[in-house]
Every structure is written in structure tokens, then in C-alpha cells.
Amino acid sequence: MAIRTVIIGGKAGEGVKKAAQVVANTLFRQGWQVFQADDYQSLIKGGHNFSSVSFSDSEVHTAYAKANLLISFDQRSYTAHSEDMADADSLHVYNSDMTPEAVQEARGKTLGLPLSTMMKQIYGPGGNVSLAAVSVFFLWMGYPQAELEAVIAREFKRNVEDNISYAKAVYQAARQAGIGGSQIPDSEFPLISMEQSVQRFTSGNQAMALGAWLGGLDFYYAYPMTPASSILHYLALKTTTHKVYAIHAESELAAANMAIGSVVSGARTAIGSSGGGFALMQEAFSLAGITEAPLLCFLASRPGPATGVSTYTAQEDLPFALNQGHGEFARIVAAPDSPQRAFSLAAELLSLAWEFQCPVILLSDKHLSESSQNLTLPDEVPWARVEQGVPGSSYQRYSITESGVSPLLFPGSENIDDNTVIKWNSHEHLPSGLRTDKAEAMIAMKDKRNRKSPAISIATQRHERVAFYGEQGTPVFAYGSGVMELREARKHCSKPFIIVALIYLTPFPSEELSVYSGKEIITLEHSSTGNLDRFIRQNLDVSIKHSVLRYDGRPFDPLELAKIMEDIL
Amino acid sequence: MAIRTVIIGGKAGEGVKKAAQVVANTLFRQGWQVFQADDYQSLIKGGHNFSSVSFSDSEVHTAYAKANLLISFDQRSYTAHSEDMADADSLHVYNSDMTPEAVQEARGKTLGLPLSTMMKQIYGPGGNVSLAAVSVFFLWMGYPQAELEAVIAREFKRNVEDNISYAKAVYQAARQAGIGGSQIPDSEFPLISMEQSVQRFTSGNQAMALGAWLGGLDFYYAYPMTPASSILHYLALKTTTHKVYAIHAESELAAANMAIGSVVSGARTAIGSSGGGFALMQEAFSLAGITEAPLLCFLASRPGPATGVSTYTAQEDLPFALNQGHGEFARIVAAPDSPQRAFSLAAELLSLAWEFQCPVILLSDKHLSESSQNLTLPDEVPWARVEQGVPGSSYQRYSITESGVSPLLFPGSENIDDNTVIKWNSHEHLPSGLRTDKAEAMIAMKDKRNRKSPAISIATQRHERVAFYGEQGTPVFAYGSGVMELREARKHCSKPFIIVALIYLTPFPSEELSVYSGKEIITLEHSSTGNLDRFIRQNLDVSIKHSVLRYDGRPFDPLELAKIMEDIL
Amino acid sequence: MMRDLGTGKENTWCTGCGNFGILNAVKKAIGELVENGSKLSDFAITCGIGCHGKIFDYLALSGIYGLHGRGTATAQGMKLANPALKVISFGGDGDSLGEGLEHTLFAAKRNMDITLILHNNGNYGLTTGQFSPLSEPGYKGLSTPLGSIEKPFRAIPLLLEAGASFVARGFSARPDHLTELIIAALNHKGFSFIEVMQPCVSYNNNYAYLNQKVKLLEVIPTTQAHAIDLASDPDHVYLGVFSRKNLPVYHELLYGSANPQKDRPDYLHRQDILHAK
Amino acid sequence: MMRDLGTGKENTWCTGCGNFGILNAVKKAIGELVENGSKLSDFAITCGIGCHGKIFDYLALSGIYGLHGRGTATAQGMKLANPALKVISFGGDGDSLGEGLEHTLFAAKRNMDITLILHNNGNYGLTTGQFSPLSEPGYKGLSTPLGSIEKPFRAIPLLLEAGASFVARGFSARPDHLTELIIAALNHKGFSFIEVMQPCVSYNNNYAYLNQKVKLLEVIPTTQAHAIDLASDPDHVYLGVFSRKNLPVYHELLYGSANPQKDRPDYLHRQDILHAK
Ligand SMILES: Cc1ncc(C[n+]2csc(CCOP(=O)(O)OP(=O)(O)O)c2C)c(N)n1
Ligand SMILES: Cc1ncc(C[n+]2csc(CCOP(=O)(O)OP(=O)(O)O)c2C)c(N)n1
Ligand code: SF4
Ligand code: SF4
Ligand SMILES: [Mg+2]
Ligand SMILES: [Mg+2]
């Protein structure tokens, strides 16, 4: 079925994102496959934000730039999006109080409503213009007014009565202006009563937080940084119900070192940040390496370097993510190719971290982290299991083993007697955990740690390390939200291609990719210098015919990307 | 001529290193080519330290493990080194008070002297056993007692009279025991009166500090961390004479951000640390990237991860050094292949940093940083020059230029009028330095910065980016102190090989190395996982026949390495 | 007349934000200082990341928009390389007392001759209102939905203890008083710290509270203990100068009256020094 | 009888180092606590990097030898994950008041129920005697060959200001008194801080000075101002408890009497929670 898109634009503080969430959630509850992306700036009020909700009856992998229904609250949004109509049937509802001289759009229909005036009439000062978007959407979908009222009451808790009056007034005004009936076949409400227990509508960050938690996560330490902050916010909200503790520490350095402390006490622990904060966690990351601390790290990228562009998307951190921490140690780096994958991958990675006692990075980017999509809960996720040591005076934290993995015990846990001494160490150490600088001891302990790498490589093969989308055509390598963009673009591209979605990056999934050795491939990434190209070339003997690079912080529109792909295929 | 080695061993606090320095300096002043390496532990008193001084009439690139003259102050040193005699003529002088039952060594002669008893007789409590090593060395070299007295008086300022008495007493006792006359041809004192103005005897760290200073360095910010600390110590000592300011900041984070502040004010500035401290400077390194701050960074490696092994050597940080800082930006990474090179390279890199306004890493390792060697001052080094902007209201810090380099101005400098506004920015920015999040502006500024990379690649070709030692045989790739070890080993290896010493790592010196494309090579590095191999493979199409890896923190003995090379060649 | 200190960049602070008052006071203070002989080109600014940091974009002054928490470290480096500069560091409460607490306290300890203006809005404004080191217990933000369980630091007592030689408190809604404080801070030789009470209309709108509680200090308290008591008085938010001391400044202890930017030895001079015996 | 708390590892502190006194006092204190019912397996230790940190290798107790400056952050994480643990963080003056100042002050602010023992030797011992945040002006070390130009922090006043609920000072050469302090600190519920005057015979041998200046506090001062005065008395180095307050502790505010290590929901329980409406 066709894919339809609703775009809502306005100032920060006007509730653009919230309105889009209500729209998206309504569609989700009705059984649609929905994708929501939010474009916002680093400011609290004003500026220009817009949210896009694309939906269809089959999976939607990213949002579209052209809208079937466009709602703009202010002049800037009106202008910014006046070219963004999908087709002649598209509708642009705008705030005529803000945009007095609306010109006819390139295509589509326009309808000005005095949204501010109506708001003033109902609320007096204050008010919530974003409800207007919900009303227009409901009408446009052909949903009855009663449903609108119920949704408004449920979703906007402050000032419920005025809210309902305003929403109704807009609904009526729009209906009088001739909008009405459903634009979408089969959109009667409710179409499907969603099985809420297996389907959620979550952002990538929520999915990975929840997935990690289901896999055993107990503690999360972080310092807010876009686009990773919502992991912290989400888990903090779950303290009481989920028995997970999300601590906003004084800095990323504190977060990472507190996290390792919690690991020593036996808690399944994660940390998260964006590039700048992650940079501050480097020394601790290396500490996790030498102490063999299982530590799950979420790295959600945004354009860099340094502060960069805080609220937009990028995949610039690949080399940084792959080469974290001074010194040599085993680690795992993986990137989900959808919010759905983020859920299962987070659990997988937490489990692998504990199986192999090593730090693990889940690499995402703003578009994947902060965009929302239908999430189907998998029946099962891996559970972070621990190889338990035997308490007693002969216990050694770093016992030399064939596998390189030394059994664990935790201070103060029930099975520990007074003779058990569990010593972790940031220095090179003896099996006992006591420090050493002796040549043979250094070699022995490094060898022990290094022995884990091949085992990790085999263990990761339990999971889908590379996903392939499509059956024939040129292979296009991508990871993270690049995969989402390509999957959506493929729907519109007349020439065939196979998407090779790299999920596990370290260890490199050589086995799955050996078929491409000697072949021509295309790559796509959000970087200006071709990090992914260099990474692939380092690990696989391919010739890269074309690299699609984008580095303006914006995701690709699927239609635009389809055109690019047609050109280069 | 033959190479001879003096090894002095004892407890930390007994002055082992100092005695070796006096030995090395004496030899240096006499015109020998000298190499001194110090093996010490992370403790202040006790334990086991030893220093090795190898010398010859041609350049010595690293120290030897077997001694012609061995002096041990305590039992532990006696035992640790009892196998370390170079040949049957070698002499081991030990402290018979500490080693009552000396066994005859595998080879060589031994002489026990009651060094502690003699010390007690002269000093009463206290005293300085290390002078004994100097005395024995002087006698062994055939230097007259008067010279010994002069050197002792000059080098050991505290307690001069007792020192001289003790040194004389040991000299006499050793002479009576039959040591005497010169063991070395042409060792009359003084053999050559060294031209102190063109020759120095310095450690790698001193060489790079001095070289950077000669190239224009004004400020150095650091937090002590072995093996980088002596850069700080050395520059701090030069405050008054050299007008260079070395600041010990509250942390590496402070050091790096203070440094960038000083750059903004126009000062040629460097920072330095080892891996753990460098990890803490990542965010600031990335800040240097986006703000285009010329910043020279010294990274002196030791075994990792985390605290690792503080006082030993390693080359584990290569991938970390090459991929520093989140986000994408131009940078230069280079590694000196000797203390001599460290001097010129530091100046080169400071100059390149300012020419291209980018961060630069000088990568070394403990063995190169802390070992000392003859340094011949080059006639000239590059001088950090600045492309000056034109003051006035139209000045833009980040003006878009063909070359990618935007002219600089500094606040408060003499040519600045009140209308000149110079804005640096950690966010993505407009040419004015004001922040932006606009797509086109992001692309324009990233493109500007990226344009520097090819120019940097060309500019570095002014310098020796790769050094080749030898004329024929298998190419052996190495960098840093690996090169020093190979150069010394080559002297003893019957099979020929060419050392390919990588000095510039980023940009990769493809031009110089293209001749090796398709060839078989050998690599050598101090790493357990083959970082150098991966790095070379990523950049050059070679097949690596053999990788010599060492990761026990110790440098290679040249004779041992020569054997390894003979086996694999 | 002095040129405009604005940059023309669109201001993205929320309407009513206390930052406007700070911006205006800074402009006025610098205007007055320039009138009294300071050179505009001798001012240099830096900041952290946060709503406060945006002041960098609205002030046509030289400097660097730094990293979150590191502005005061950067400011020290700027000052040391050119002591003729009057360096102002704008900090947020998350920025200067959380992420960058260490740099703040060391700048004070060193009596580094720079000025730190703390935009105390009691939260992390720019990252959507999380609790900050100065938030009250119970503060609800996205990272503390059940209410903060930490006690706030007391900015002024902490800075006094660390060694700041000039310590004051202003209020963004008292721009004239704040202007005076900024002038005094910039004229002070040594580390000067101004805690500016800065209401955040979006996440911590304490205008009413502050308007009710603020009170001008009559004199500079003579003891540190008294200054601390007044600064942490539960009934009043005292505004004014809490402490002002003349103490040796770091850069003069380091290199006397030299100016490293102006006096740097050139290449030939360095060659001479190198070869001097 | 309690097992030996030593590890048999060769001790590499300088002969006469004040750290020996601390090590002995810790062993004795833990011995007494165990005698009085504490479980040895409930003690957990951490430290920074420095001479002080070597105590980790000499104590047969569980824990983690942490990063320089970060021990007190790590200690907090250990405590939070298992509140049954008695967590001790050993810190150096460079470590806890320089590199890691922020964590020290935040642990105090949070009243995190852990103990920080500060080995105050007035320098960076392990890295060969550079000046530290507690070194006196003029201190000559390798990084300050012309003498330090910074004033030292005052550890106790700073910690008091940050919110530490138990603050004391001991002297490594008064091991019995120090033992008592450590016992009191470990018994204190909340953040406890002991500044231990620890002579460094190699770089800062202040035995004579301390032996002459130390004096026992007679009572716990009743006001913070008085505590600060006594702690920074130029004529005496007072030893004893400067402040002890009963205040809510962080982990109980976070999760009451739960124990995350023992009460963690298992996989099936998580599935239930996930699917609960
Ligand atoms: C290293 C790092 N961590 C986190 C962030 C994200 N961040 C930006 S501003 C901010 C907090 C702002 O709070 P505050 O300093 O009080 O400034 P305000 O916005 O309240 O003025 C944070 C956490 C960042 N930019 N850099
Ligand atoms: C990040 C980092 N920076 C620097 C070091 C080097 N280092 C080790 S110990 C130390 C200082 C020790 O001083 P202090 O904390 O006072 O301990 P002390 O040795 O005096 O007990 C330093 C700088 C390190 N290990 N890690
Ligand atoms: S969020 Fe608060 S501090 Fe930030 S601009 Fe708005 S009112 Fe000001
Ligand atoms: S250097 Fe000082 S602190 Fe370190 S062990 Fe020796 S005496 Fe103790
Ligand atoms: Mg704030
Ligand atoms: Mg110390």
C-alpha cells in the first residue's frame, strides 16, 4: 500500500514533537506501521522544529520529506515546507494568523485557519497550538470527533477542558472548510486493536534501553548528552517498576568509573553518551579492558568534531568507536540497523559482555536513536549470564584459563566466605589480581586476555552479524540508519540492489562477507571522508565503485536516495 | 669498533640512574657515541633498577643486555644479572657486603668489594653507593683519579668531601684488586673535547622538548605521567633561560583545554601524556580539530590498557593514536625513530600544526622517550609560522579558502583594532565563527577543513617521512624504538635487510612506500596483536611474511634480535 | 562611540529568560569600561555549552566557544598566553560546578586573573531541564523524575573556600546592579566570581521567589564565616560583593610583568639561547 | 581468629613512609570491626594511582585498584550496586583533590555511604615528588623547580563545605588514634572523610613538623565555622573528628532498603514486568 506522511512544523516549545507523537501513536494503535522522525534545534523555545510521521501497512524504515498532510504553526514553518507537498492531493493546513499572505503551493491544497485567534478565544493567554495538528490529522484520517476528544484527554493532561474545546473547535473549523471523510482507505477507527504486549512504538534509544534491561541491565550511569540523553530519561522513569537505576552523574568520567564499580559489585551495568562525552570515558573504557569488566556502552553519534551540531545526525565516529581506549584488549562493537534491532542487539551485547568479560559498544546515530518505529518484542532475548567462580581462599579473579575467561565472584554476595578475596586491577596483574611488572607475568596475562578474541568471533556468529535485504543486484554496504534509509529507498528504486547491513563491526563478520571478496560494491554512510570505506577495505578485498556520502546532519529522503541509487547503479 | 656496555644495578633510591648518567656523560664528553637506557620500577626506594650504557665510536642505537662491566649494589642485582656478562673478559664488580657468597659467573671475572662497609666508614650513616660505580668505571676505563675527583665534585653536589673520599677509596680498592689500565684502546682522557654547542647527550623527551622549543614552543601544559613526565620537568627547568612556560595543571583535561586557550591567544603550545592521560584529552583533541587549533601533542606510550605497567615500554597505542577524537578532521601523526629525530620532528610537527592549523601527535614510547643518546643539533629546524589575517571588521576566523586554511589573528595582539572580532567555535560554525546547524553551512565548513588533508599530505613530503636503513634484503617495517632496535641488530645480523622506518603515519607516506606494493615484508613492533600489521595492510598492498611482536615491556637486546632476524629472514 | 557589541545573530533564548539580563549587563559593563579607557580588543571571552554559552554568539567579542565544563580551563590558558587580555568565562551551573567543577576551583585556588560569570539557573537548560549541582532536593527533571535526591552545592561558600579573591552575587533582573558587579569583577586583579541568579522560564521559573527574597548586601562582610552565612541565608538571597581581597595573581608569579605573546623569543634568539653556554 | 589481612606481596614503600602507619591502622580497625560482628567479606576497597594506592596490594580484601583520581567514583558505584558493602576508597592528595577533585566533592555532596581515606603526603609521591593540590607555596618539585606558585586547598574545610557528614583528621604516626578514627568512619552512616597526615620521607619529610604541631581535638566542634577554624589553625595540626552529622544517605534515598545485588529481577520476572499493563 501507499505510504503517507504527516509533517508538523512550528517553533520549539509549541509541542510539535508531542503532537507528532500523538499522531504516530494513534496510527500505531490502529495497526499501522509507523515511523516518526523529529528535526529540532539546540534551543528550548523558538527556532524551527518539525516532525515527520510516515505510515503504511507494511514496515516503514525512515521518514519521508514530502507530506500528504502538512501542518504549520508559524510563518517559518510555512515557508520552510511550502515545497514539501507529496502530490496534488496533499493538504497544507497553516496558521493564518501567522501567515497572512499564503501563496498557493507548488502543488497540493492549502487551508489557512486562524489557529492563534481560536486559541486565544478559548484559553485566554497560553494554550497549546499543537492540539490543532492532532485535530486536523483526525479529521483528515476520517476519525470521529469522539475519538479525538478521548485521545486529547489522555495525552494532554494539563488544562483538559480547554484542550478539548480547542481541539473540537479546530476540528469543526477544518471540517467546515471542506476537509473531511477519510483520505485513507480502511482507516475506520479502531482498525485493529493492537496487542500491546508484543508491539510497542518506541524510539531507538528506548528500544535499546528496554532490550538491555530485559537482558539483565541493573544500572545505567550517564551524563546527559544529545542524542543519548533519552536512554537516561527513559530508564530513570522505569526505576520503580523495572528495578533499574539510572544515575545522572557529575560527568561522563564519573559515570564510567561508577559503572565499573557497580560491575565489580556484580551489577549488569551500562553507560552512554554521544561522541564528546564518550571521549571523556576513554580511560575508563580502557580500564574495562584490562580489568575485564563487562560494560555495555551506548554511543549515539551526532555531527562532530567537539560540540559539533548537537541535534542532528552523523556517522562520523566509526574509527573512534572501533579504536577506543589506549592499549590492546578484546572488545565488541556493533551497530543496530533499526530501532527493532536495537532492542535485541542491546540484550545480545550485554550478554556477550558478561560471557567474555569485556567492554562492548553499541553504536548508533541520532536518526536511529531518536526516531520511533513499531517494535515487535521478540519472544526471547539472551540473558547476561556469568561464569561463576568457586569461593574460597584459592579463588583468583584472573585465573589463567584456556578460554581466556576467568570465573567471576562478587564481594558481599551470598556465596562468598571470608577467605575469598576478589581483586580487580587497573595495572597489569597476576592471576590473583595483584599488580605486576614482570615480563613473563605481563605476557601471560595479555595472552590470556587475547585468547578471548577468537572465541568472541565465534560466539557472535550465534547472532545475525550481517543482515541482507534484497536478493539480487549490486551489494550496497551500510550500517546504522544508513540501512534504514536504503531499505526505504529500495521500495522506489527501479534497479535492484542488495543491502548488506553490517551489524557486528568488531569482530568483523568475515565469514558472512567472504562472498563479496573481489567484488564491486557500493557504500553509503553519513560521513565526509569515507570511514566506512576505509573500514571495509581494511577487512575485505572489495573494490568500491561508489560511496554515497552525506554529512549535513540530515537523513536521506527515501525518494531522493532512490534517485541517487538509480544514477549510480 | 667494538661496542662496550656498562650495566649498573641496585635498588631504587641508590642512585643507579644517576651513576649511569655520569658514566654516559663522561663517555659522551670524551667523544664516544653513547646510548643509555634505564630499567626501573614504579616505586621510589627498593626494588630492582638497572641502567645500561652502551658506547662505541660509531652511533649506538639501543642498549645491550650483556655487559663488559657490570656493577651491582645489592644481592638482587647480583642475581638478576649474573648471566649478563658479555664475554670472558667482562668484569662484575659487586657489593660483597650484600652478596656474601658470590658464585663464579658463567663467564667473566668477578670482584667483590665491601661497598657498604666502606661507605659506612666514610660517611657514617647515609652515603651514596652509586659513586662506587663511577669509580669502578673510571678505573676500568683507565681514567686517572684526578678526573674522577673532578667529575664527582661536579656531578654530586651534596656532601662533596665525603663523596670524593668514598670515590677515591673505591677506586683504590679496585685498583688493588687488580683492575687497572684501560680496557679500551684510545681511552685517554680527554680524548676529544666535545663541541658542546652542536652535540648534546639527551633523552628522547628532552630532545623533543628542546626541538619543539627551538621551533617556537611557548607553552607546555601537562599533568605528570610516566613516560611523558620528563618533558614537563625539562621544560619547567628552562622557564627562566628559555622563556618557555611549563604548567603542571590539575588534570589532563585542564591541561588540554588550557592549551587551546593559549593557542587562541597566539602561543605555540604543546601538551603531553602517556596513554591514560591522553585518553582524558580526547575531547579537547577533537576541539582542536573543529576549532582548527594548532596543537602539538606528545604521546609517550607504555604498556596498557589503563594504568598498565607504568615504567616499561610498549607500542600498543598505535590505533588509539591514529583515531583520536570523535568526529572527522585533519590531523598529523608521526613517530620519531631516534632521540635525534625526536628533536627535528618536534619542530617540524609544530611548524606543520601552525601551517595547517590542526592537531598533531608525536608518538613515542618509553624506550625512545626516556633513553638518552648523542644528539647533534641540526643547523636549522622549521619555525612555526602563521598565516596572518588582515585586521578589521571584515576579518573572519574561518574564512572559506581554496586551501582550507583561514588566516589567523590573535586577540589583544598589537595589530588588532577594536573592530576585529576573532571567534573560535567548538560547534560547527559559519566563517565568522558563529555557530550554525544549517545543512549547507555544515557542508561548506567540513569541506573547507577537509581540503587541508591533501595539502598536508604534500607538505609533509618536505620532510623525511620514511627513513631507509640498509641497501638490500627483505624490507622490515617498524617505527619508533623498533627502528632503533633493528638498526643496532643489523650490525650483528649476517643476512641483509632494509629497515623501513615509518616516521609519518598520518598522512600515510604512500609515495615513498609504493615500491613495496605487492612485495613481501617483515614487521616489528611492541604489541601483542599486530597493530602495525593492520595499519600497513590498510594502506599498502603487501604480504606480511613475518611479524616480530614483543609485549613484555622490555626493549630487544640487539644480539637477541639479530638472532631472531637471522631465523626469519 | 563604541561599536555595537551585538552580532546580529538570531537570539534563541526563551522569551523572558534571565540570560537576556546578563547579556545586557555585560554589554553595559564593557561599554563603561571602554569609556574609561579599556580597549575593546583586549576583551576575550569563553564559555561552556548550555543556554548560558549562547551568550558567546550574541557578543561581538573575540574568544572561543569552548567545551562543556572546560571554559574556565580555556580562559586560564588565554590569560596566561597574553596577560593583557581581560578574560571572561561564562559558565552554567551544570557546566562550572558539575562537569567543570575542578577547573572552577583550581582557577580560584590559583587566583588566576580572570572573571567567571556563573549563570545559575538551577538546571541544565539546554539539555531540557535536568537537575544541576545547584538544584534543590526534590527537583524533578527528566533524569530525576522522582525528584533529585542530592543536596545542592553552595556556590559562593565553595568558591570562597577554594580561594576566589572576588566573590559576588547578582540577579539577572537587576541589570544595573549586575552591571556594577561585572565592572568591579573585571577591574579586580585576581580571580573574580559572580554567581548570577538567572531564572529559567522554561524549567525553573523562580522570578517570583527571587524577587521576594533578594536583598542588597550593605557592606562587604569582613570575615569569611560571615560571608558564608550571608551567602547561604535561608531567608534572603543577598546580592552584592561577599569578598574582595588583594592577593598575588598567578601569571605575575609565573613571569612577572612579562607578556609571553609580545615578548616571545624569535628563531634567532632561540638559536642564541640554545648555544649559550 | 580473623585471617591475616596481608597479601604477602613485597612492600615497596620507602622505609619510614607514613603509609605503613595507615596500612596498620586499617588492618587493626577492620580487625576490631570484625571482632564486633562485621563480616570480612563485606568490606570492599578501591584506590587511585600513587604510593597510597599500593595499599590495595597489601590488603587481602576484595575490591578494585582503580584509575588515578577516579577511586571515589568507583567506590560509589560499588556501594550502589551492593549497599551491604562497607566501601573504603584510599586516595592520594593529587589523586583525590587534583585529578579526582570532582568525584570527591560529589561523593560528599551526595552523602554517599562510603569512606574516603586521604593519604595527605603533600606531594605526588609515586611520580617523583611533584607539587600537589595540598603542597605549600614555594614547594620545589620537578614540575615546579622554582617553587610552587599556588596556594594549597584546605582539605577539611573543602570537604565540609561540599557536604561530607563525617570529617576527621589523623596522623599516620599515631596509629591507635587513627585506628579509632577509621572505626568511627566505617561505623558512620554517610560519607566519611579522614585526612591522614602522611609524611613522605623521600619528598616531604614533615615528621618533625607534625610531631611538634599535632594536637588532639577535645570535642567535636559544634559549628562548621569553628570546625574550619580549627582545621586550618596555623599553629596546630588538630587531630580528631571535626564534624559528624546524621543525614540521609544516597542509596537509601534511591531505593530504600532494597539491595540491587540481591533483589535483581530475573529473566522471567522481567518478562512479566515488560508485559504487565
Ligand atoms: C562533554 C559533554 N557532555 C554533555 C554535553 C551536553 N550538554 C550540553 S549543555 C549541558 C548542560 C547545560 O547545563 P548548564 O551548564 O547548567 O547550562 P544551562 O543550559 O543551564 O545554561 C549538557 C549536559 C556536552 N555538550 N558535552
Ligand atoms: C590519568 C593519569 N594521569 C597521571 C597518572 C600518573 N600518576 C600516577 S600516580 C600520580 C600522582 C600521585 O600523587 P598522589 O595522588 O598524591 O599519590 P601519592 O603517590 O602521593 O600517594 C600520577 C600523576 C596516571 N596514573 N593516570
Ligand atoms: S531553557 Fe531556561 S535558561 Fe534556557 S533559554 Fe530557556 S529560559 Fe533561558
Ligand atoms: S615516595 Fe613518599 S609516599 Fe611514596 S613510598 Fe616513599 S615515602 Fe612513601
Ligand atoms: Mg544551568
Ligand atoms: Mg600524595
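Residues numbered from 1 in each chain as written. Chains lettered and ligands numbered in written order. Predicted model: local features only at pLDDT ≥ 70, side-chain atom pairs only at ≥ 80, totals over all residues. Heavy atoms only, no water.

Participant: With reference to specific residues and values, describe the interface of chain A and chain B.
Facilitator: Between chain A and chain B, the contact holds 57 residues from the first and 57 residues from the second. Of the roughly 4700 Å² buried where chain A meets chain B, counting both sides, 56% is carbon and sulfur surface. Area buried by chain A at its contact with chain B is led by Pro305, His326 and Glu328 of chain A, which between them contribute 15% of it. Here chain A is connected to chain B by 2 salt bridges. With its nearest N and O atoms 2.8 Å apart, the salt bridge here joins glutamate 316 of chain A to lysine 446 of chain B. Applying the counting criterion to the chain A and chain B interface returns 38 residue pairs in polar contact (both at pLDDT 80 or more). For the side of chain A that touches chain B, the secondary structure elements donating two or more residues are helix H11 (275-280), helix H12 (282-291), helix H13 (318-322), helix H16 (439-460) and helix H19 (531-539) of chain A. The residue makeup of the side of chain A that touches chain B, split by class, is 17 nonpolar, 26 polar and 14 charged. (Contact = heavy atoms within 4.5 Å. Buried area = accessible area lost by both parts, 1.4 Å probe. Salt bridge = Lys/Arg side-chain N within 4 Å of Asp/Glu carboxyl O. Polar contact = N/O pair within 3.5 Å; in protein donor to acceptor, adjacent residues only side chain to side chain. Helix = DSSP H or I, 4+ residues; strand = E, 2+ residues; numbered from the N terminus. Nonpolar A, V, L, I, M, F, W, Y, C, P; charged D, E, K, R; others polar.)

Participant: Quick one: what's the story with the packing of aromatic side chains, residue by residue and with numbers?
Facilitator: Tallied over the full model, the rule gives 48 aromatic pairs over all chains. With a centroid separation of 5.2 Å and 55° between ring planes, the pair formed by phenylalanine 56 of chain D and tyrosine 65 of chain D is classed as tilted. Phenylalanine 56 of chain D sits in the buried class, given a relative accessible area of 0%. We classify tyrosine 65 of chain D as buried; its relative accessible area is 0%. Sitting above the plane of the phenylalanine 156 of chain A ring, lysine 18 of chain A keeps its charged end 5.2 Å from the centroid. Seen from the ring of phenylalanine 329 of chain A, arginine 331 of chain A lies directly overhead, with NZ or CZ sitting 4.2 Å from the centre. (Phe/Tyr/Trp six-rings, centres within 6.5 Å; stacked < 30°, edge-to-face > 60°. Buried < 20%, exposed > 50% of the residue type's maximum accessible area, 1.4 Å probe, protein only. Lys NZ or Arg CZ within 6 Å of the ring centre and 35° of its normal.)

Participant: Provide a residue-level description of the side chain of glutamate 485 of chain B, including the pertinent values.
Facilitator: Residue and element names in this part refer to chain B. As for its placement among the helices and strands, glutamate 485 is situated in helix H17 (residues 481-490). At a separation of 2.8 Å, a polar atom in the side chain of glutamate 485 contacts the main-chain amide nitrogen of phenylalanine 556. If near-sequence neighbours (up to four positions away) are discounted, glutamate 485 is found in contact with Thr62, Leu524, His526, Pro555, Phe556 and Leu561.

Participant: Give a detailed account of the site of ligand 1, specifying residues and quantitative values.
Facilitator: In the region of ligand 1, 22 residues are neighbours, and Glu252 of chain A together with Cys51, Asp93, Asn121 and Gly125 of chain C sit closest. Each of chains A, B and C places residues next to ligand 1. Within the backbone of aspartate 95 of chain C, a nitrogen or oxygen atom sits 2.8 Å from an oxygen atom of ligand 1. Relative to its unbound accessible surface of 580 Å², ligand 1 loses 99% to contact with the protein. Per-element accounting of the shell around ligand 1 gives the leading share, 4 residues, to helix H4 (residues 93-99) of chain C. (Near = heavy atom within 4 Å. Areas by Shrake-Rupley, 256 points an atom, 1.4 Å probe, with all protein chains shown as cover.)

Participant: Quick one: what's the story with the coordination of the magnesium ion (ligand 5), residue by residue and with numbers?
Facilitator: Bound to the magnesium ion (ligand 5) are the protein donor atoms Asp93 of chain C (OD), Asn121 of chain C (OD1) and Asn123 of chain C (O), situated 2.0 to 2.1 Å from the metal. Read N to C, the donor residues that coordinate the magnesium ion (ligand 5) are spaced as D-x27-N-x1-N. (Donors = N, O, S within 2.8 Å, 3.2 Å for Na, K, Ca; no water.)

Participant: Tell me about the nonpolar core, residues and numbers included.
Facilitator: Grouped together as the largest cluster of nonpolar side chains are 365 residues, with contacts concentrated most on Leu502 of chain A together with Leu502 of chain B. Leucine 502 of chain A has contacts with Ala335, Arg465, Val466, Phe477, Ala478, Tyr479, Leu513, Leu532, Phe535 and Ile536 of chain A, leaving out every residue within four places of it along the chain. (Core = buried A, V, L, I, M, F, W, Y, C linked by side-chain atoms within 4.5 Å.)

Participant: Kindly report on the relation of the copies chain A and chain B, identifying the contributing residues and their values.
Facilitator: Expressed as a screw operation, the relation of chain A to chain B combines 0.0 Å of axial shift with a rotation of 180°, fitting to an RMSD of 0.0 Å. With respect to symmetry, the two chain copies, as superposed, fit the operation of a two-fold axis. Residue glutamine 538 of chain A, judged by its C-alpha, is the member of chain A lying nearest the rotation axis, at 2.4 Å. A high fraction, 100%, of the interface residues of chain A reappear at the interface in chain B, so the copies pair face to face through one surface. (Least-squares fit on C-alpha atoms with pLDDT ≥ 70 in both.)

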